[in-house]
Amino acid sequence: MFAFDKKYISFVLALAFSALMLPDLIRLPLLYAIPSAVYLIAFNFCVMYAVSQIRTFASIFVPPIFFISALASYFHGVYRIKIDRELVFLLLETNSGEASEFITSKVLLFGIIALLFALGIGYLLKKSTGKLHKKLLIIVLLFAVPATILLGKFKKTPVVQHIRPAVATKYTFPYCVFNGLGQFTGQYIKNLLHDDLIDSSKLDSIALKQEYPLEIITIVGESARADRFQINGYYRETTPLLSKENNLVNFGAITSFSAYTRLSVPAMITPATLAKPDTTMTSFLGLFKKHGFKTTWLSANDRLDSHDTPTTNAIGDIDQKIFRNKFCRVSYNKFHDEMLIAPLKKVLESYSGNQAIAIHTRGSHASYNSRYTKKFAKFTPDNYGDDMNLVEVNNAYDNSILATDAFIESIIDLVRDKNAVIIYSSDHGESLGEDGRFAHGNPSIIEQRRVPFFVWYSDTYKKLHPSIVDALKKQQGTKLSHDVFFPWVVNLGGILLLNSSQPVLLQPDSLQAQQTPQ
């Protein structure tokens, strides 16, 4: 029967999988798009026709593979998200609240259609008939194999580089899914065999004498682009409050470790570098604890007791960890960073000695218009949907930066009259429609890696630590990356690293220091 013939089912599958790459194909010039589409269909036909010969295997595995590929292609098409191992890790570590912000009516409709198609294909494959048509397969292979070889041989030429994202198996469905799952499996096994993180307190260090209790607060932003901050020259007033702060030392745009939170944040808070980004130690909070500081991690994200993320693993053994689901009853989608102020105030008031506090915010993570209250809806319209209207998306994003400005200013006000220093940077940037890209997750895209970095200090801190402030100001205008985050935070807290290869702000012999009792 025609409908159950394996070669026809394989052709339908080839068309279906090729159609998942339509957003990439239509971006190509017509001269490249047509042969690229023909090649994709031919290549997919060969694969599907070969797989269909093992009827039971095909009927069991092809439907879920198509369904997963279809869902991944939706987000790839809308946001141009890169499908790789980090995306798989991200999906496994994402909580229901964060996931719900991306599950819209269009996603559900697309998912239902994909599921019905997958079930239908599964039924046809189970009932499929027909022997292997060798002549047909040879004819198709005579086109697909040489084309594949040529794509590999000339992959560095401008033309092939232009079309590779639409046709190379590394990027196309379903092969990119297998590639991502394979990389994920390898990294997961590596993680299981990895040695426990070394406590940062093991680092050789000395601490400055503090005449008055010091409060050092580190704020880790989320998805904040440096070029959307007014203090970095943006034409909109997105940071009106920070712009008025005299004691703010701004370093403009610096390079982040990655374009994923799960990679950037652990690297930021530990002695990792761009050259060696693997997390091998716990956070700087362990070092502060060693030198007598009360240490706190305050997070806008949830802590899932069933498993640890790279970030929660990297925090280390500190005095207290305060996660959103432990201090707030508001749902994930209705939570705003300003709700962190109340628990932060309690932490500050609970102890009169030296304190080191790290705050992990929600910042400008999509959906942007869920990151702020109505009072920050300055740029309108801002209620974007699946169509990703550029005006609305950018308005909502800029409003989220405006909310971040007010949030940081509120923290400054809590410690303005104390011996205090505040450090801010974001984990990664964000694409906002450049070349059809949205969100983050692609480390090769510049706007996803350029993040803000600045330090605020109180008048008392400046009076007590003029040499540190001078050293900080001397670094303005230099090309920086997140490599400096760990050593500078430690140095700004009055701790000097001995025998360190880190790009420190202060050398051990630059200031009179005392050894902290071990």
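Structural data are supplied above this passage.
The structure presented is a predicted model; accordingly, all values stated were derived computationally and were not measured.

Caption draft 1: Representation of the overall build of the protein chain within the structure. Along its length, the protein chain carries 19 helices and eleven strands. With the C-alpha coordinates aligned to their principal axes, the bounding extent of the protein chain is approximately 90 × 50 × 45 Å. Looking at the 518 residues of the protein chain, the share that counts as buried comes to 53%. The contacts in the protein chain between residues at least 6 apart in sequence include a share of 77% that link residues at least 24 apart. Treating the 53 positive side-chain charges of the protein chain as one cloud and the 44 negative ones as another, the clouds have centres 9 Å apart.

Caption draft 2: Spatial organisation of empty space enclosed by the protein. Per the stated rule, a full pass over the model turns up two cavities of 30 Å³ or more. Empty space within the second largest cavity amounts to approximately 30 Å³. Considering the residues around the second largest cavity, the lining is formed by Ile219, Gly221, Asp337, Thr361, Gly363, Thr404, Phe407, Ile408 and Tyr424. Contributions of two or more residues to the lining of the second largest cavity are made by strand S2 (214-221) and helix H16 (390-415). Here the lining of the second largest cavity takes three residues from H16, the largest share from any one element. The residue inventory of the lining of the second largest cavity, partitioned by class, reads four nonpolar, four polar and one charged.

Caption draft 3: Spatial organisation of the pairing of strand S3 (residues 248-255). Of all the eight residues making up S3, seven are buried; the element is thus mostly covered by neighbouring parts of the structure. Note that S3 and strand S10 (residues 450-457) share six bridges and pair antiparallel. Each bridged residue has a counterpart across the sheet, and for Leu248 the counterpart in S10 is Trp456.

Caption draft 4: Here's a closer look at a positive patch on the surface. Residues Lys82, Lys155, Lys156 and Lys170 make up a contiguous surface patch of positive charge. On the secondary structure map, Lys156 appears in the loop between helix H8 (134-153) and helix H9 (158-167).

Caption draft 5: Highlighting the state of the cysteines. Taken as a whole and judged by the stated rule, the model has zero disulfides. With no disulfide of its own, Cys176 has Cys46 as its nearest cysteine by sulfur position, at a separation of 19 Å. By relative accessible area, Cys176 is classed as buried at 0%.

Caption draft 6: Molecular detail of the sheet that holds S10. Here seven strands make up an open sheet; going across it, the order is S3-S10-S7-S2-S6-S4-S5 and the pairing mixed. At either end of the open sheet lies a strand with only one pairing partner, and these are S3 and strand S5 (320-322). If you compare each strand with its neighbour and ignore which way they point, the axes differ by 15° on average. For S2 and strand S6 (residues 355-360), the ladder comprises six bridges, and the chain directions are parallel. Bridging from a neighbouring strand, Ile217 pairs with Ile357 of S6. Strands S2, strand S4 (294-299), S5 and S6 of the sheet are contacted by helix H15 (residues 341-349), whose axis makes an angle of about 170° with S6.

Caption draft 7: Region of the structure containing a nonpolar patch on the surface. Where nonpolar side chains cluster on the molecular surface, the patch consists of Leu30, Ile34, Val38 and Phe143 and spans about 390 Å² of accessible area. Among the elements that make up the nonpolar patch, the one with the highest residue count is helix H3 (residues 30-52) (three residues). You can see Phe143 is positioned in helix H8. Since its relative accessible area comes to 37%, Phe143 is described here as partly exposed.

Caption draft 8: Local environment of the side chain of Asn442. Inspection of the secondary structure puts Asn442 in the loop between strand S9 (438-439) and S10. Using a relative accessible area of 15% as the deciding quantity, one classes Asn442 as buried. Polar contacts involving the side chain of Asn442 include one to the side chain of Ser444, which spans 2.7 Å. Excluding its chain neighbours within four sequence positions, the residues that come into contact with Asn442 are Lys82, Ala259 and Gln448.

Caption draft 9: Geometry of the packing of aromatic side chains. Tallied over the full model, the rule gives 22 aromatic pairs. Pairing Tyr368 with Tyr397 gives two aromatic rings, centres 5.2 Å apart and planes at 90°, and the pair type is edge-to-face. One end of the pair, Tyr368, is in the loop between S6 and H16; the other, Tyr397, is in helix H16, and 29 residues separate them in sequence. Accessibility classification places Tyr368 together with Tyr397 in one group, the buried group. Aromatic pair Tyr424 and Phe454: ring centres 5.0 Å apart, planes at 25°, arrangement stacked. With Tyr424 in strand S7 (residues 419-426) and Phe454 in strand S10, this pair connects stretches of sequence that are 30 residues apart. Classification of Tyr424 by relative accessible area gives buried; the value is 2%. Phe454 gets classed as buried once you look at its relative accessible area, which sits at 2%. These aromatic residues form a ring-pair network of at least three members: Phe251, Phe453, Phe485 and Trp488. The positively charged end of Arg236 is found above the aromatic ring belonging to Phe379, 4.3 Å away from the centroid. Note that Arg362 overlies the ring of Tyr332, its terminal NZ or CZ placed 3.8 Å from the centroid.

What counts and what doesn't
- Residues numbered from 1 in each chain as written.
- Predicted model: local features only at pLDDT ≥ 70, side-chain atom pairs only at ≥ 80, totals over all residues.
- Heavy atoms only, no water.
- Helix = DSSP H or I, 4+ residues; strand = E, 2+ residues; numbered from the N terminus.
- Buried < 20%, exposed > 50% of the residue type's maximum accessible area, 1.4 Å probe, protein only.
- Contact = heavy atoms within 4.5 Å.
- Lys, Arg positive; Asp, Glu negative; His and termini not counted.
- Charge placed at Lys NZ, Arg CZ, Asp CG, Glu CD.
- 1 Å grid on protein atoms, 1.4 Å probe; cavity = no way out; pocket = protein on both sides within 12 Å on 5 of 7 lines; lining within 4 Å.
- Points joined across faces, edges and corners; volume = space filled by probe spheres on them.
- Nonpolar A, V, L, I, M, F, W, Y, C, P; charged D, E, K, R; others polar.
- Pairing = 2+ DSSP bridges.
- Patch = residues over 30% accessible without salt bridge, like charges linked within 9 Å, V, L, I, M, F, W, Y side chains within 5 Å.
- Areas by Shrake-Rupley, 256 points an atom, 1.4 Å probe, with all protein chains shown as cover.
- Salt bridge = Lys/Arg side-chain N within 4 Å of Asp/Glu carboxyl O.
- Disulfide = S-S within 2.5 Å.
- Axes fitted to C-alpha atoms, helices over the stretch in contact; angles between N-to-C directions.
- Polar contact = N/O pair within 3.5 Å; in protein donor to acceptor, adjacent residues only side chain to side chain.
- Phe/Tyr/Trp six-rings, centres within 6.5 Å; stacked < 30°, edge-to-face > 60°.
- Lys NZ or Arg CZ within 6 Å of the ring centre and 35° of its normal.

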